[in-house]
Amino acid sequence: MEQATKEDVAPLECLMCGGRRHRPIFNESGIDILRCRDCSHVFSSFAADPHYTGFWGEEVEDSDHFYWKTARARMYRDFFKRFLAGRSGRLLDMGSGLGFFLKAMAPYATWEAYGCEISPAAARYARHTLGLTNVICSRLDDVELPRNSFDVVTMWDVIDHIPRPDPLLRSCHALLKEGGICFIRTPNLSVQLPRARLNKLLRGIQPGIAYLQARDHAHHYTVSSIRRLLERNGFSRVQFTHLRPVHGVAGRLLLPAIKTVCFAAVSALAVASRGRLNFDNLFVLAHKE
């Protein structure tokens, strides 16, 4: 795995409080993951491009894209049943990637589905391969769409990649109608950090193991930090829910069963503790009122 250099290190200023006092809590291939000493927010020291377009390369290969399509299908179905079924409106998926979430919305004909994706290659795949004509290739915080025109804005594993997410969240707030919701899925630091430390202890740093993805994940949120971030950008009634997990990789039959049992356990714990103990990914609902 490529090592970080001094030129890769970002100005060490905390997103949440602006503080400059931090301490390293994890190191991944020479890149420090830092915890703010003033507010405890956790972030990567890697100087990521804030408008990186190269995640999908120059062209998306033609394959089954198991992780993006099949492994996430049950999670998407949970979302549809909970938030779309029996209703109508307009939905915007920010950071829509290859478009499989939008494609899966097809049975919900009472909804107009739109996508915004910064990668030209991914946007082309969504439009030309999946036939999604309403996918726009644009910076997420600068998309040209009518204000107050969407009932739901979604971000699936997007916000953790954005070094400075406030402009994006302000844009989402402006695009939503009064009473609309912003739905966010992002990793939960309370789960990811212990898992990364255990992986490093048992296997060291190896290529192909996720750890904390120091080059890709700019921020690592908790229930409290994502709530504060959303509230300072105009959202209210920030709530947390649970959807079934992403189901591993093709060919591993036992892993989905294990994930299902773990999901049931963490969901029950969250309910029993009235949300104080959340060891799931963060599935966040924020309202525009």
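You'll find the structure just up there.
A few points on the structure. (Residues numbered from 1 in each chain as written. Predicted model: local features only at pLDDT ≥ 70, side-chain atom pairs only at ≥ 80, totals over all residues. Heavy atoms only, no water.)

### Remarks on the pattern of salt bridges
Inspection of the entire model under this criterion finds 11 salt bridges. Notably, a salt bridge pairs arginine 72 with aspartate 157, separated by 2.7 Å at the nearest N-O pair. On the criterion of sequence distance, the pair formed by arginine 72 in the loop between helix 1 (66-69) and helix 2 (73-83) and aspartate 157 in the loop between strand 7 (150-156) and helix 5 (166-175) is long-range, its members being 85 residues apart. Like aspartate 157, arginine 72 is buried. Where glutamate 112 meets arginine 90, a salt bridge forms, and the shortest distance between an N and an O atom there is 3.8 Å. You can see glutamate 112 sitting in strand 5 (residues 111-117) and its partner arginine 90 sitting in strand 4 (residues 89-94), a full 22 residues away along the chain. (Salt bridge = Lys/Arg side-chain N within 4 Å of Asp/Glu carboxyl O. Helix = DSSP H or I, 4+ residues; strand = E, 2+ residues; numbered from the N terminus. Buried < 20%, exposed > 50% of the residue type's maximum accessible area, 1.4 Å probe, protein only.)

### Focus on the pairing of strand 7
Counting buried residues along strand 7, 6 of its 7 residues qualify, which places the element largely inside the surrounding structure. Across 3 bridges, strand 4 lies against strand 7 in parallel orientation. Across the sheet, leucine 92 pairs through a bridge with valine 153, a residue of strand 7. Relative to strand 8 (residues 176-186), strand 7 runs parallel, the two sharing 6 bridges. Bridge pairing in strand 8 links methionine 155 to isoleucine 184. For the crossover from strand 7 across helix 5 to strand 8, the handedness is right-handed. (Pairing = 2+ DSSP bridges. Right-handed = clockwise from strand over helix to strand, strands pointing away.)

### Points about helix 5
For helix 5, the buried fraction is high: 8 of the 10 residues fall into the buried class. Among the residues making up helix 5, those that are buried are Asp166, Leu168, Leu169, Ser171, Cys172, His173, Ala174 and Leu175. Packed against the buried residues of helix 5 are strand 4, strand 7, strand 8 and helix 7 (223-231). (Contact = heavy atoms within 4.5 Å.)

### Comments concerning the side chain of histidine 173
Along the polypeptide, histidine 173 turns up in helix 5. At a separation of 3.0 Å, a polar atom in the side chain of histidine 173 contacts the main-chain carbonyl oxygen of glycine 234. (Polar contact = N/O pair within 3.5 Å; in protein donor to acceptor, adjacent residues only side chain to side chain.)

### Some points on the environment of valine 42
Mapped onto the elements, valine 42 comes out in strand 3 (residues 42-44). A relative accessible area of 0% places valine 42 in the buried class. In this structure valine 42 touches Ile25, Ile33, Leu34, Arg35, Leu189, His219 and His220, once residues within four positions along its chain are discounted.

### Considering unusual backbone geometry
With the exception of glycine, most residues fall at negative phi, and the peptide bonds are largely trans. Non-glycine residue serine 29 carries a positive phi angle of around 55°. Of note, serine 29 is situated in the loop between strand 1 (22-28) and strand 2 (31-36).

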